[in-house]
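A structural walkthrough
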Amino acid sequence: MSLPFHPHDGDPVPPALRGFARAHADLVELRESPPHIVARHRHPARRVGLVSGGGSGHEPLHAGFLGVGMLDAVAPGKVFASPHNRQVLEASRAAAGPDGVVHVVKNYTGDRINFGIAAERLRMEGVDVRRVLVDDDLATESDETATGRRGTGATVVVEKILGGAADSGLGLDELAELGTAVAGASRSLAVASRAQTSMHTGRPSFELADGELEYGVGIHGERAQKSIERPSTEDLVDRMLDELVAALPGTGDDVITVVNGLGGSTLLELYGLYDLVADGLDRRGLSVAGRLVGTLVPALDMTGFSLSLTRTVPEWLPFWSAPSDTPAFPHQRPEETS
């Protein structure tokens, strides 16, 4: 791994949280017992707090999206592990607005359990809570997968649209309905040519034969259900887009597109991938209404990428393009209209 930590250095999360908070002290505050991070500023029209969280190792998700226009608080777990329910509880207490709090939860068993426990405790305290479950991963859309689709790269899209909507003054149930609709309109697929480096051994967590590609990896370093012979990049993107577009609910022609690096891919490569994706969507009669390119939801230093598509509607686009001030979300300009 390219991290400056030796496997025997101990837990890398506490110093990373402290460093993150120090690097972005104008935007966020770290509260260490139990660990959670809170945005220092919020839009005055916001009536509902937005809270998310999950395992570390996916930075900038979620803490990089704290601030005006996005999240109010985040509960960071250990590497690839759910945050404890006490972390979620304290983050939610800090974030709750006069109309309550919305939890943005990726579909993993530990996250669902711990956010659920925190939600019950909040309700006992008189705080209204709603959950938006993100379940966009096509690789786990199977009857054999008991938990259903995992939550992956489309989480960023959900958080941005919900953030813009919250800043417009929408209420609790309106935000929960919107977030559920955005998550439901999103699908993702990820591939990798090299596993993430184990934090314990300093070696790849799994091995691939020369010329093989893991098709359908998870953001916790989960292997795909199948390995394939590596095709050309153009053929690979076409195959992924065929599956993603076929799986997208709805009939509209506008999509928000995310090309996400899994930690070991360069921007040179990611921008080249976006060029292929944009051409592929155009051939399929789809228009890119919003885009993100970068390392947004990695799996430590896994060499690979994910593609996420959200079939959007005109009402969502002002929320997507709304101003935000966070450590990591890039500046977005409203799309030109003819």
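An unreviewed UniProt entry annotates the chain as Dihydroxyacetone kinase subunit DhaK originating from Pseudonocardia nematodicida.

**Concerning the packing of helix α2 (residues 85-95) against helix α3 (residues 109-124)**
Direction vectors running N to C along α2 and α3 enclose 50°, while the axes themselves pass 8 Å from each other. Considering the angle they form, α2 stands oblique to α3. Considering how the two elements wind past one another, α2 and α3 form a crossing that is right-handed. Across the interface between the two elements, Asn-85, Arg-86, Val-88, Leu-89, Ser-92 and Arg-93 from α2 touch Asn-114, Phe-115, Ile-117, Ala-118, Arg-121 and Leu-122 from α3. Considering only residue class, the contact of α2 with α3 consists of 6 nonpolar, 3 polar and 3 charged.

**A few points about the side chain of Thr-140**
Inspection of the secondary structure assignment puts Thr-140 in the loop between β6 (129-134) and α4 (155-167). One polar contact links the side chain of Thr-140 to the main-chain amide nitrogen of Arg-150, over a distance of 2.9 Å.

**Regarding a negative patch on the surface**
A cluster of acidic side chains, namely Glu-234, Asp-235, Asp-275, Asp-279 and Asp-282, defines a negative patch on the protein surface. In terms of residue count, helix α7 (residues 267-283) provides more of the negative patch than any other element does, 3 residues in total. By the element assignment, Asp-235 lies in helix α6 (residues 233-247).

**Here's the deal with the sheet that holds strand β12 (residues 303-311)**
With mixed pairing, the 6 strands of this open sheet are ordered in space as β9-β8-β7-β12-β10-β11. The sheet is open, and its two borders are formed by β9 (227-229) and β11 (287-294), each paired with just one other strand. Between one strand axis and the next, the sheet turns through 20° on average, direction left out of account. Where strand β10 (residues 254-261) meets β12, 7 bridges bridge the pair, whose relative direction is antiparallel. Its bridge partner lying in β12, Ile-256 is registered against Thr-310. Of the strands in this sheet, β7 (186-194) and β12 are in contact with helix α5 (residues 172-184), which crosses β7 at around 50°.

**Looking at the pattern of salt bridges**
Scanning all chains against the criterion turns up 20 salt bridges. Glu-125 is the partner of Arg-93 in a salt bridge, and the nearest nitrogen-oxygen pair spans 2.4 Å. Of this pair, Arg-93 sits in helix α2 while Glu-125 sits in the loop between α3 and β6; the two residues are 32 residues apart in sequence, bridging distant segments of the chain. Taking the relative accessible area as the measure of exposure, Arg-93 reaches 37% and is therefore partly exposed. Here the residues in one salt-bridge network are Arg-42, Arg-46, Asp-72 and Asp-167, joined through shared partners.

**Regarding α7**
The end-to-end C-alpha distance of α7 is 24 Å, a good match for the 24 Å that 17 residues give at a rise of 1.5 Å each. Among the residues making up α7, those that are buried are Leu-270, Leu-273, Tyr-274, Val-277, Gly-280 and Leu-281. With its buried residues spanning 130° around the axis, α7 presents them on a single face. Counted as exposed and oriented over 90 degrees from the buried face of α7: Leu-268, Asp-282 and Arg-283. In this structure, the buried side of α7 is in contact with α6, β10, β11 and β12. At the exit of α7 stands Gly-285, carrying a positive phi of roughly 80°.

Cut-offs and rules
- Residues numbered from 1 in each chain as written.
- Predicted model: local features only at pLDDT ≥ 70, side-chain atom pairs only at ≥ 80, totals over all residues.
- Heavy atoms only, no water.
- Axes fitted to C-alpha atoms, helices over the stretch in contact; angles between N-to-C directions.
- Helix = DSSP H or I, 4+ residues; strand = E, 2+ residues; numbered from the N terminus.
- Parallel < 35°, antiparallel > 145°, perpendicular 65-115°, else oblique.
- Left-handed = near helix turned anticlockwise from the far one by under 90°.
- Contact = heavy atoms within 4.5 Å.
- Nonpolar A, V, L, I, M, F, W, Y, C, P; charged D, E, K, R; others polar.
- Polar contact = N/O pair within 3.5 Å; in protein donor to acceptor, adjacent residues only side chain to side chain.
- Patch = residues over 30% accessible without salt bridge, like charges linked within 9 Å, V, L, I, M, F, W, Y side chains within 5 Å.
- Areas by Shrake-Rupley, 256 points an atom, 1.4 Å probe, with all protein chains shown as cover.
- Salt bridge = Lys/Arg side-chain N within 4 Å of Asp/Glu carboxyl O.
- Lys, Arg positive; Asp, Glu negative; His and termini not counted.
- Charge placed at Lys NZ, Arg CZ, Asp CG, Glu CD.
- Pairing = 2+ DSSP bridges.
- Buried < 20%, exposed > 50% of the residue type's maximum accessible area, 1.4 Å probe, protein only.
- Expected span 1.5 Å × (residues − 1).
- Arc of directions from axis to C-beta.

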